[in-house]
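Chain and residue survey
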Amino acid sequence: MLTCVSAVAAPNDIKCSGVLVAEDGEPIIGATISVPGTKIVATTDVDGRFTLTVPKGKEIHVNYIGYKPLNLIASSNLGEIRMEVESQMLSDVVVTQSIARTRRTPVAVSAVDAATLDIKLGNQELPEVLKTTPGVWATKDGGGFGDAKINIRGFKSSNTATMVNGVPVNDMEWGGIYWSNWSGLGDVISSMQVQRGLGATIISSPSFGGTINMVTKGLDSKKVTMFASD
């Protein structure tokens, strides 16, 4: 009896086949071809080809990540099916970092703003700007530019976290920092913050002595028009 039923039902099914390609004609591998409302599913091979049996009166749904989905009428030979790329406009991404606020954040912190940096920096190195900050000792070393040393509450740079926009830049081996690698950073810093002593942190850094965070300037420049005269 079952054999008779299957023999009657078979002619109502359509064996669909086709080739799935992208806009440039390249085959799409691994796309999903399904029949909505059923469990019939197939995928394209390395050549973009697929074959599946579809009940009469049903459509097939073609789906692939990054491309617009398609609904097609079942046919024995669908030929070459070209899919269009689906593009979406994304909103702007703003990257920020947490910074301490004077008299708001409950930590011992001192901040040097951009105006103070312009006055004090000159031909000095970045650590020397923090000389007047409580708990900080900074001095030049006997070498060339970039060999300055800085101690916070007696702890050397290997026990002090140095960060740029909240990202640690301490050396991975000895924990300190080579200031010669950051010789031009003073031109783009908007503020320097010094936290004295150990504080809560969500990153792994040698912040036992304290933390120095250098915040760089954003894209805050405005359009200007300049005229030159003889």
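Whatever comes next refers back to the structure up there.
What counts and what doesn't
- Residues numbered from 1 in each chain as written.
- Predicted model: local features only at pLDDT ≥ 70, side-chain atom pairs only at ≥ 80, totals over all residues.
- Heavy atoms only, no water.
- Helix = DSSP H or I, 4+ residues; strand = E, 2+ residues; numbered from the N terminus.
- Areas by Shrake-Rupley, 256 points an atom, 1.4 Å probe, with all protein chains shown as cover.
- Pairing = 2+ DSSP bridges.
- Axes fitted to C-alpha atoms, helices over the stretch in contact; angles between N-to-C directions.
- Core = buried A, V, L, I, M, F, W, Y, C linked by side-chain atoms within 4.5 Å.
- Buried < 20%, exposed > 50% of the residue type's maximum accessible area, 1.4 Å probe, protein only.
- Contact = heavy atoms within 4.5 Å.
- Polar contact = N/O pair within 3.5 Å; in protein donor to acceptor, adjacent residues only side chain to side chain.

On to the overall build of the protein chain, then. Assigned secondary structure in the protein chain consists of two helices and 14 strands. Here the protein chain has roughly 15,400 Å² of accessible surface; of this, 54% comes from carbon and sulfur atoms.

Moving on to the sheet that holds strand 5 (residues 59-63). Reading across from one edge, 3-2-5-6 is the order of the four strands in this open sheet, with antiparallel pairing throughout. Of all the strands in the sheet, the pair left with one neighbour each is strand 3 (41-43) and strand 6 (70-73). Each adjacent strand pair in this sheet contributes to an overall mean axis angle of 25°, direction not counted. Judged from the three bridges that link them, strand 2 (residues 32-34) and strand 5 form a sheet pairing that is antiparallel. Within the sheet, the bridge partner assigned to S34 lies in strand 5 and is H61.

Moving on: the nonpolar core. By size, the foremost hydrophobic cluster in this structure holds 20 residues, and its most contacted members are L126, L130, I150, I189, M192, I212 and M214. Those elements that place two or more of their residues in this core are strand 9 (136-139), strand 10 (149-152), strand 13 (189-196) and strand 14 (210-216). When residues of this core are assigned to their parent elements, the largest contribution, three residues, is made by strand 13. Those residues in contact with M214 that lie beyond four places of it in its chain are L126, T162, M163, V164, N165, W179, L185, I189, S191 and M192. Of all hydrophobic cores here, the second largest spans 18 residues; its members include C16, I33, A74 and M83.

If you trace the backbone, T44 turns up in the loop between strand 3 and strand 4 (49-55). Of the polar contacts made by the side chain of T44, one reaches the backbone nitrogen of G30; its length is 2.9 Å. Excluding its chain neighbours within four sequence positions, the residues that come into contact with T44 are L20, I28, I29, G30, A31, I33, R49 and F50.

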